Amino acid sequence: MASALNTRLYALAEGVSIAIESLRANKVRAGLTILGIAVGVFVVVTMAAAVHGINASVARDFESTGPTTFFVTRYPISFEACDGSGETCRWLRNPPIRFHEIRGLRDLPSVFAAGARLDFSAAVKYKDRALTSTQVIGFTPDWTQIDRGIELNPGRSFTYAENEGAAPVVLINTVMAERLFGDGDPMDKEIQIKGSSFRVIGVFKREASFLSGGSNRAEAIVPIESARRHLNAWTDQVAVAVVPRATASRDEAIDEVTAYLRGLRGLRPVEDSNFAIITQDKLFETYNKIFGMFFLVMLVLSAIGLIVGGVGVVAIMMISVTERTREIGVRKALGATKGTIMWQFLVEAVTLTGIGSAAGFVVGWLLAMVIRNSTPIEASIPPLALLVAVAVSVVTGVLFGLFPAFRAAQLDPVTALRYE
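All values derive from a computational prediction rather than experimental measurement.

Caption draft 1: Region of interest: helix H3 (residues 99-106). Those residues of H3 that sit buried are Phe99, Glu101, Ile102, Gly104 and Leu105. On its buried side, H3 packs onto strand E2 (111-126), helix H6 (224-230), strand E9 (239-244) and helix H7 (250-264).

This is the structure in structure tokens:
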């Protein structure tokens, strides 16, 4: 038993050594082979790291709004074929969510908070410093009960009275504060948004995430009524986040919100709702569909790289068999079995693909670190990706090295010894 194990280990070491010598002797040919394998593994590792980071970021974003929070929107999330007409896309005729409807939602017994949000871009200026196309968000006053991913310090949020009176007050994030005021104190300063003066009443910091776009983007929050009256914000795309009370389930709140809006809009029982209720489950489902398709495309591209590398393995191993025909004949004449010859060439093939996989994994890991440090995506390589890289190298080496190894094992020793 020990003798057989030692023989296998010696054959393994010899196969690896011969493969490395083959690399040195045929650098260009071997390099192209390794490149194909490396590209395939690199794509898999990078995508796995990015998707792993995005999943964690998205989960954290949803968690910050609460697991039972749902959204009321004008349009549903739809992947159906739509030519832009009312026949194929009936939901295009849905009326906007109006502010009196949002106020009514807050009075429902099962609703703890109903906050509206409106996003748009605007130029922001303070004295001689200007920011173009800055994200401005119009919120209702209860936004702090819904968006828990924001830390407000120093300052305060705006009140219901300030929102109803369309007070020209604004909260800016730390990025905007630094770009407009430098080391100065932004509190109670007047800034210009679309030419209108707004007084800074607070500075906030948002945790970097995939959905929010990161922590390096200038951002401002104003009362939603101020956005509508002073900044001419288009309110037809207002979305509402609804948080149920602790004493009510999400489904109870959804039923009550649906009944209220249908009754307010005068919809008959046979008519479809002309608004959409979107739960976090639906958002996750949509997210998984989109990124599932994207990830599938990347896997196909990586598979192409692996096939190209595999064809290279076949080519370089066939050349190796031809070049070492006489050596194979000598080994067979000295008693080497077909299994021993096949084992040697399979080890060489797996060594080639293993080097390619290692190179692809290292480059993928480096790119994941770059993504993690320069974007909101906390890219990290899951342990499964390492196992996949190892499995890919072994499986590719065995599959594409099998034919050359079989051919080498089938050589007639007498014919091989005569080969020049």
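So that's the structure; there's more coming.
Caption draft 2: Just the side chain of Asp236, in detail. Following the sequence through the fold, Asp236 ends up in the loop between H6 and E9. Assessed through its relative accessible area of 18%, Asp236 is described here as buried. Within the local environment of Asp236, its side chain forms a polar contact with the side chain of Trp234, the two groups lying 3.1 Å apart. If near-sequence neighbours (up to four positions away) are discounted, Asp236 is found in contact with Arg74, Pro96 and Arg98.

Caption draft 3: Main features of the environment of Arg129. Checked against the element boundaries, Arg129 lands in strand E3 (residues 129-139). Residue Arg129 is classed as partly exposed on the basis of its relative accessible area of 38%. Each C-alpha atom, one on Arg129 and one on Ile191, is 10.0 Å from the other, the two residues being 62 residues apart in sequence. Separated by 3.5 Å, the side chain of Arg129 and the backbone oxygen of Arg179 make a polar contact.

Caption draft 4: Looking closely at helix H11 (residues 383-409). Compared with the 39 Å implied by 1.5 Å per residue over 27 residues, the 37 Å span of H11 between its first and last C-alpha is a close match. Where H11 bends most, at Leu402, the angle is about 45°, and the proline Pro404 comes one to four residues later. Among the residues of H11, Ala385, Ala389, Val392, Ser393, Thr396, Gly397, Gly401, Pro404, Ala405, Ala408 and Ala409 are the ones counted as buried.

Caption draft 5: Just the packing of H3 against H7, in detail. Where H3 meets H7, the axes come as close as 11 Å, and the angle between the chain directions of the two elements is 140°. One way to sum up the angle between H3 and H7 is to call them oblique. In this structure, H3 meets H7 at a crossing whose hand is right-handed. When H3 is examined against H7, the residues His100, Glu101, Gly104 and Leu105 are found in contact with a partner set consisting of Val257, Tyr260, Leu261 and Leu264. Split by residue class, the contact of H3 with H7 holds 5 nonpolar, 2 polar and 1 charged.

Caption draft 6: Quick look at a nonpolar patch on the surface. On the surface, a cluster of nonpolar side chains totalling about 600 Å² of accessible area is made up of Leu296, Val297, Leu299, Val300, Leu301, Ile304 and Val308. Of note, Val308 is situated in helix H8 (residues 280-323).

Caption draft 7: Spatial organisation of the pairing of strand E5 (residues 169-173). Among the 5 residues in E5, 5 count as buried, and that is most of the element. Burial along E5 is two-sided: the face carrying Val169, Leu171 and Asn173 and the face carrying Val170 and Ile172 are both buried. Sheet analysis places E5 next to strand E8 (residues 219-223), joined by 2 bridges and oriented antiparallel. Directly across from Ile172, in E8, lies its bridge partner Ala220.

Caption draft 8: Spatial organisation of the nonpolar core. Val72, Val170, Ile172, Ile191, Ile193, Val240 and Val257 are the most contacted members of the largest nonpolar core, which has 45 residues in total. Looking at which element gives the most residues to this core, the answer is E2, with 8 residues. Setting aside residues up to four positions removed in sequence, Val72 forms contacts with Ile97, Ala239, Val240, Val242, Val257, Leu261, Phe275, Ala276 and Ile277. Membership of the second largest hydrophobic core comes to 14 residues, among which are Ile316, Ile328, Ala349 and Ala405.

Caption draft 9: Region of interest: unusual backbone geometry. Between Asn153 and the following residue, Pro154, the backbone shows a cis peptide bond with an omega angle of 5°. The phi dihedral of Asp188 is positive, around 65°, even though this residue is not glycine. With respect to the helices, strands and loops of the structure, Asp188 is situated in the loop between helix H5 (174-181) and strand E6 (190-193). Of note in the backbone geometry, Asn232 takes a positive phi value of approximately 50° without being a glycine. Along the chain, Asn232 turns up in the loop between H6 and E9.

Calculation rules
Residues numbered from 1 in each chain as written. Predicted model: local features only at pLDDT ≥ 70, side-chain atom pairs only at ≥ 80, totals over all residues. Heavy atoms only, no water. Buried < 20%, exposed > 50% of the residue type's maximum accessible area, 1.4 Å probe, protein only. Helix = DSSP H or I, 4+ residues; strand = E, 2+ residues; numbered from the N terminus. Contact = heavy atoms within 4.5 Å. Polar contact = N/O pair within 3.5 Å; in protein donor to acceptor, adjacent residues only side chain to side chain. Expected span 1.5 Å × (residues − 1). Bend = angle between axes of the 7 residues up to and from the residue. Axes fitted to C-alpha atoms, helices over the stretch in contact; angles between N-to-C directions. Parallel < 35°, antiparallel > 145°, perpendicular 65-115°, else oblique. Left-handed = near helix turned anticlockwise from the far one by under 90°. Nonpolar A, V, L, I, M, F, W, Y, C, P; charged D, E, K, R; others polar. Patch = residues over 30% accessible without salt bridge, like charges linked within 9 Å, V, L, I, M, F, W, Y side chains within 5 Å. Areas by Shrake-Rupley, 256 points an atom, 1.4 Å probe, with all protein chains shown as cover. Salt bridge = Lys/Arg side-chain N within 4 Å of Asp/Glu carboxyl O. Pairing = 2+ DSSP bridges. Core = buried A, V, L, I, M, F, W, Y, C linked by side-chain atoms within 4.5 Å.

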